[in-house]
Amino acid sequence: MKCPYCNQDNTHVVDSRPVDENTAIRRRRMCDECGKRFTTYEKVETIPLIVIKKDQNREQYDRSKIEAGVLRACHKRPVSAEQIHELVDAVETEIFNMEEREIPSSVIGEIVMDKLKELEAVAYVRFASVYREFKDVNTFMDELKKMMK
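Let me sum up the structure you'll find in this document. All of these numbers come straight from a predicted model, not from anything done at the bench. (Residues numbered from 1 in each chain as written. Predicted model: local features only at pLDDT ≥ 70, side-chain atom pairs only at ≥ 80, totals over all residues. Heavy atoms only, no water.)

Under the counting rule described, the total for this entry stands at one aromatic pair. Ring plane angle 85° and centroid distance 5.6 Å describe the contact between Tyr61 and Phe96, whose orientation is recorded as edge-to-face. With Tyr61 in the loop between strand E5 (58-60) and helix H1 (63-73) and Phe96 in helix H2 (residues 81-97), this pair connects stretches of sequence that are 35 residues apart. Tyr61 gets classed as buried once you look at its relative accessible area, which sits at 14%. Note that Lys36 overlies the ring of Tyr5, its terminal NZ or CZ placed 5.0 Å from the centroid. (Phe/Tyr/Trp six-rings, centres within 6.5 Å; stacked < 30°, edge-to-face > 60°. Helix = DSSP H or I, 4+ residues; strand = E, 2+ residues; numbered from the N terminus. Buried < 20%, exposed > 50% of the residue type's maximum accessible area, 1.4 Å probe, protein only. Lys NZ or Arg CZ within 6 Å of the ring centre and 35° of its normal.)

Structure, rendered in structure tokens:
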């Protein structure tokens, strides 16, 4: 592993511990050259997942897109970074448990909305308004009425 500070190859592991419910390993490393410490994470590589977009284009699954959408929906809401991370982990787990090689983006969006609905109502409506492309106030109000029931 190369040191991010001095770019040398000689580093050694100082400490290892499981993280994310034993789905990854966090390693503290120290550079033998400059003596600085840094952290690396090790995760099991999964089967490449292809997302089928609305226009039928296909692209490789990208966790950061889900994180970005959820982060925008939760902007200025009482939702911690840890809760967002857990929500994205839960979405990702559900997606990969389907054991499909290709998955429509609409399925991913619905899973995210289900999780957001449980977490924070305003964030859910924000995400739904972009995801479902609300055209006017009436569509927005219809979604709010569904939530109130």
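For strand E1 (residues 11-19) and strand E2 (residues 24-31), the ladder comprises eight bridges, and the chain directions are antiparallel. From the neighbouring strand, Pro18 faces E2, where its bridge partner is Ile25. Between E1 and E2, which follow one another and run antiparallel, lie four residues, and Asp20 among them has a positive phi close to 50°. Looking at chain direction, E2 and strand E3 (residues 37-43) are connected through seven bridges and run antiparallel. Within the sheet, the bridge partner assigned to Ala24 lies in E3 and is Lys43. As consecutive antiparallel partners, E2 and E3 are separated by five residues, and within that stretch Gly35 has a phi angle of approximately 85°, a positive value. (Pairing = 2+ DSSP bridges.)

With that settled, consider the environment of Gln83. Examined against the element boundaries, Gln83 turns out to sit in helix H2. Those residues within four positions of Gln83 in sequence are excluded, and the remaining contacts are Pro78 and Leu119. (Contact = heavy atoms within 4.5 Å.)

Glancing now at the environment of Arg126. Locating Arg126 in the fold gives a position in helix H4 (residues 121-131). Between the C-alpha atoms of Arg126 and Val112, which are 14 residues apart in sequence, the distance is 12 Å. Look past the residues within four positions of Arg126 in its chain and what remains in contact with it is Arg72, Ala73, Cys74, His75 and Arg77. Within polar-contact distance, the side chain of Arg126 engages the backbone oxygen of His75 at 2.5 Å. (Polar contact = N/O pair within 3.5 Å; in protein donor to acceptor, adjacent residues only side chain to side chain.)

Purely geometric numbers; function is a separate question.
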